Amino acid sequence: MSVIQHITAREILDSRGQPTIEAVVSLSSGETASASVPSGASTGRREAVDLRDHQDRYRGQGVLQAIANVQAVLAPALCGESPLNQVKLDQIMITLDGTNHKQRLGANAILAVSIAMKRVAAKVSGKPLFQCFSEQASYSLPVPMINVINGGAHADNPLMCQEFMVIPIGAQSFAEAIRHSAELFYSLKDILQRAGYQTAVGDEGGFAPALRTEIEALDCLMKAMEQAGFKPSRDIVLALDMAASEFYQAGCYHVGSEGILASDSFAEYLKTLVEQYPIISIEDGMAEDDIDGWLHLTQLLGQRCQLVGDDLFVTNKQYLEHGIAHHLANAILIKPNQIGTLTEAIHTLAYAKQEGYRTIVSHRSGETEDSFLADFAVGISAGQIKTGSVTRSERTCKYNQILRIEQQYADLVSFNPARELAPWLINL
Ligand code: 2PG
Ligand code: MG
């Protein structure tokens, strides 16, 4: 029987030029696999800890301590184990860390090893990675949310909304969804250029123009749809990530163009946007600490719009349980690095599905060229994925991997936006 023989890690760069961890796991039978982990800019307060050195090198962002933890603490405990029991392997790491938020060993150290072990186990099993999460007769390909305008913490422009995303619901296949999104992206570029805006891209590959208001950005998107020949609501719908924790201070939302709004007024403002534009999904519409605001927003919009908890739930089953009990949001973002192991991310997702919450697998704004997220989203039939725009290779590598899966395993997979987004599409 093949067992884990060697685990090591190294410091590499992410898409923002910050250091991150790449872990490498080798088996006694000779297989080797590696995995690298991302990091966020608009992080939730209760996320698992991304351990940094806080020394001079890389302005404090080095990950040498986390790497030392992989080599000195995790590797000795995992070597000799079978790579095939992911739940047991992840539990060993959780126990070794022993803290609530993985602050001792670092969620970056633990997750890099967790993913590399999954990958090497897939190699041993001889199956494609996406098929190693669960045996299913058919896998659903995730509907992509493509982030075409970047704002907030991901761009140097006045937009408060962090992500303006398009969802190509009229597409018949994942490949067509990517083509539609790319065609819309080119039209958006024309429109921004004609209006005299810069078309350089932000952290997640969407344009980062110096538009002053959210309304201006949404109007550009509507024009881009028209120019590219798409009918709003039939072919393309919109999704926003407000990342509202970022501009919530002393109980109010500092919305730039709209001024300073109390929680109720901010919810009303979001409602107006939903009424005026084909927006079917809003992520972090309220700040993570504004629980009353979340309740109010869910009552106001929860029947007609997908309300996604990102900072609110941080992929943590315990926070999701609290949210469900208190009727907050109706969907959850699943970011493995917010929780630190694959097993915990999968448990949170399974629980969300069981409770009727929609699930969206998500990248981070600081990413690597690792395409693991693509196989993960397909393998667990998450239903939706967001991993940036149609530019920047750390974003497109995930979409490209789903394109490969769709082409190579056509008989095993299906793509159906109407199924994944049903409750929100009927309201359009
Ligand atoms: C988000 C993410 C990813 P960050 O808020 O959803 O888009 O951003 O990784 O900066 O937290
Ligand atoms: Mg978010």
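Below is a short write-up of the structure. Sequence positions are assigned chain by chain, starting from 1 and proceeding in written order. Chain A is the first chain written and ligand 1 is the first ligand written, with later ones labelled in order. For this predicted model, a pLDDT threshold of at least 70 governs which residues receive local features, and a threshold of 80 or more governs which side-chain atom pairs are given and counted, while totals over whole chains, interfaces and linings are taken from all residues. As a convention, hydrogens and water are excluded, and side-chain values are obtained from all of the structure's heavy atoms.

What to know about the coordination of the magnesium ion (ligand 2)
Every protein donor of the magnesium ion (ligand 2) is listed here as Asp241 (OD), Glu283 (OE) and Asp310 (OD), and their distances to the metal cover 2.0 to 2.2 Å. Of note, the magnesium ion (ligand 2) draws all its donor residues from one chain, in the sequence arrangement D-x41-E-x26-D. In this pair, Asp241 sits in strand 7 (residues 237-241) while Asp310 sits in the loop between strand 12 (306-309) and helix 8 (317-325), placing the two residues 69 residues apart along the sequence. Note on exposure labels: buried denotes an accessible area under 20% of the residue type's maximum, exposed denotes more than 50%, and partly exposed covers the range between, all computed with a 1.4 Å probe on protein chains only. Its relative accessible area of 1% is what places Asp241 among the buried residues. According to the relative accessible area criterion, Asp310 is buried, its value standing at 2%. Atoms are scored as donors when they are N, O or S and lie within 2.8 Å of the metal, with 3.2 Å used for Na, K and Ca; no water is included, so coordination may look incomplete. The numbering of helices and of strands both runs from the N terminus, where a helix is a DSSP run of H or I of at least 4 residues and a strand a run of E of at least 2.

Things to note about the packing of helix 11 (residues 372-379) against helix 12 (residues 393-408)
Relative to each other, helix 11 and helix 12 sit at 50 degrees, their axes nearing to 7 Å. The angle between the axes of helix 11 and helix 12 places the two elements in the oblique class. Between helix 11 and helix 12 the crossing geometry is right-handed. Between helix 11 and helix 12, the contacting residues are Leu373, Ala374, Asp375 and Val378 on the first element and Lys398, Gln401, Ile402 and Ile405 on the second. Residue polarity is assigned by list, with Asp, Glu, Lys and Arg as charged and Ala, Val, Leu, Ile, Met, Phe, Trp, Tyr, Cys and Pro as nonpolar; anything else, Gly included, falls into the polar class. When the residues that make up the contact of helix 11 with helix 12 are grouped by side-chain class, the tally is 5 nonpolar, 1 polar and 2 charged. Where helices are involved, their axes are fitted lines through C-alpha atoms of the stretch in contact, as for all axes, and angles between N-to-C directions lie from 0 to 180°. Any angle that falls under 35 degrees is termed roughly parallel, while one over 145 is termed roughly antiparallel, one within 65 to 115 roughly perpendicular, and all others oblique. In this scheme, a crossing is called left-handed if the near helix is turned counterclockwise away from the far one by less than a right angle; it is called right-handed if the turn is clockwise. Only heavy atoms matter for contacts: two residues are in contact if any of them lie within 4.5 Å across the pair.

Examining the side chain of Glu420
Its place among the elements puts Glu420 in helix 13 (residues 417-425). A 3.5 Å cut-off defines polar contacts: any pair of N or O atoms within that distance qualifies, except that in protein one atom must be a possible hydrogen donor and the other a possible acceptor, and neighbouring residues in sequence count only when both atoms are side-chain atoms. Within the structure, the side chain of Glu420 is placed 3.3 Å from the side chain of Ser140, a separation counted as a polar contact. Apart from the residues lying within four places of it in its own chain, the contact partners of Glu420 are Ser140, Val143, Arg358, Gly383 and Gln384.

Re the pairing of strand 6 (residues 163-167)
With 5 of 5 residues buried, strand 6 lies mostly within the body of the structure. The alternating pattern of strand 6 places Glu163, Met165 and Ile167 on one face and Phe164 and Val166 on the opposite face, and all of these are buried. Relative to strand 6, strand 5 (residues 143-150) is paired through 4 bridges, and the arrangement is antiparallel. Bridge pairing in strand 6 links Ile149 to Phe164. Paired strands, as defined in this entry, are two strands with at least two bridges between them according to DSSP.

Overview of the side chain of Glu22
Considering the arrangement of structural elements, one finds Glu22 in strand 2 (residues 19-27). Classification of Glu22 as buried rests on a relative accessible area of 16%. At 2.6 Å, the side chain of Glu22 forms a polar contact with the side chain of Arg10.

Thoughts on the pairing of strand 12
Side chains Gln306 and Val308 project from strand 12 onto one buried face, and the interleaved Leu307 and Gly309 project onto a second face that is buried too. Of the strand pairs in this sheet, strand 11 (residues 279-283) and strand 12 are connected by 3 bridges, and their pairing is parallel. Bridge pairing links Ser281 to Gln306 in strand 12. Crossovers are marked right-handed if the path from the first strand over the helix to the second runs clockwise, as seen with the strands pointing away from the viewer. One crossover worth recording links strand 11 to the parallel strand 12 by way of helix 7 (residues 291-301), and it is right-handed. Remark: the strand 12/helix 8/strand 13 (residues 331-334) crossover connection has right-handed handedness.

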